[in-house]
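Here are the chains, one letter per residue:
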Amino acid sequence: ERYRRVAYKKSQHTDNAILVYPNPSQGQFFIKNIAKKSHLNIFDYQGVKVHSESIQKNNIFQCNVNLTSGIYILELVNSDGTFKKIISITH
């Protein structure tokens, strides 16, 4: 599955409502303030989905991914809309 748009598009979520840290990371990062059951997708910079998982409502979610060093698009989707963040994986 490919991601259709690589460019960042502002969504209904506010940038300071959901936090992704640390960024850059080595593949272990946290997502803070997930208010609803959501679906997490990670796409490489060519738009190919490289990771996908469901997340329950959670104040802090720990994500561990085994990805090569590079730039990725993190997408968090729930009934409120879509949150997107560019993340960097370094080793």
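So, how was this worked out
- Residues numbered from 1 in each chain as written.
- Predicted model: local features only at pLDDT ≥ 70, side-chain atom pairs only at ≥ 80, totals over all residues.
- Heavy atoms only, no water.
- Helix = DSSP H or I, 4+ residues; strand = E, 2+ residues; numbered from the N terminus.
- Pairing = 2+ DSSP bridges.
- Axes fitted to C-alpha atoms, helices over the stretch in contact; angles between N-to-C directions.
- Buried < 20%, exposed > 50% of the residue type's maximum accessible area, 1.4 Å probe, protein only.
- Contact = heavy atoms within 4.5 Å.
- Polar contact = N/O pair within 3.5 Å; in protein donor to acceptor, adjacent residues only side chain to side chain.

### Thoughts on unusual backbone geometry
For step 1, the next point in the chain: Residue Tyr21 is joined to Pro22 through a cis peptide bond whose omega torsion reads -10°.
For step 2, the next point in the chain: By the secondary structure assignment, Pro22 is in the loop between strand S1 (19–21) and strand S2 (28–34).
For step 3, the next point in the chain: For Asn33, which is not a glycine, the phi torsion comes out positive at approximately 75°.

### Focus on the sheet that holds strand S4 (residues 49–55)
Strand pairing in a sheet is mediated by backbone hydrogen bonds. Such pairs are either parallel or antiparallel.
For step 1, the next point in the chain: Spatially, S4-S3-S6-S7 is the arrangement adopted by the four strands of the open sheet, whose pairing is antiparallel. At either margin of the open sheet sits one strand with a lone partner, and together these are S4 and strand S7 (81–89). Ignoring strand direction, the axes of neighbouring strands in this sheet form an average angle of 20°.
For step 2, the next point in the chain: Of the pairings in the sheet, the one linking strand S3 (residues 38–44) to S4 comprises six bridges and is antiparallel in character. For His39, the partnering residue across the bridge sits in S4 and is Ser54.

### A look at the environment of Tyr72
For step 1, the next point in the chain: Take Tyr72: it is sitting in strand S6 (residues 70–78).
For step 2, the next point in the chain: We classify Tyr72 as buried; its relative accessible area is 6%.
For step 3, the next point in the chain: Sequence separation between Tyr72 and Ile89 is 17 residues; the distance between their C-alpha atoms is 7.7 Å.
For step 4, the next point in the chain: Leave out the neighbours within four places in its chain, and Tyr72 touches Ile42, Phe43, Asp44, Val50, Leu67, Lys85, Ile86, Ile87 and Ile89.
For step 5, the next point in the chain: Engagement of the side chain of Tyr72 in a polar contact is seen with the backbone oxygen of Thr68, the distance being 2.8 Å.

That's the geometry; what it means functionally is another story.
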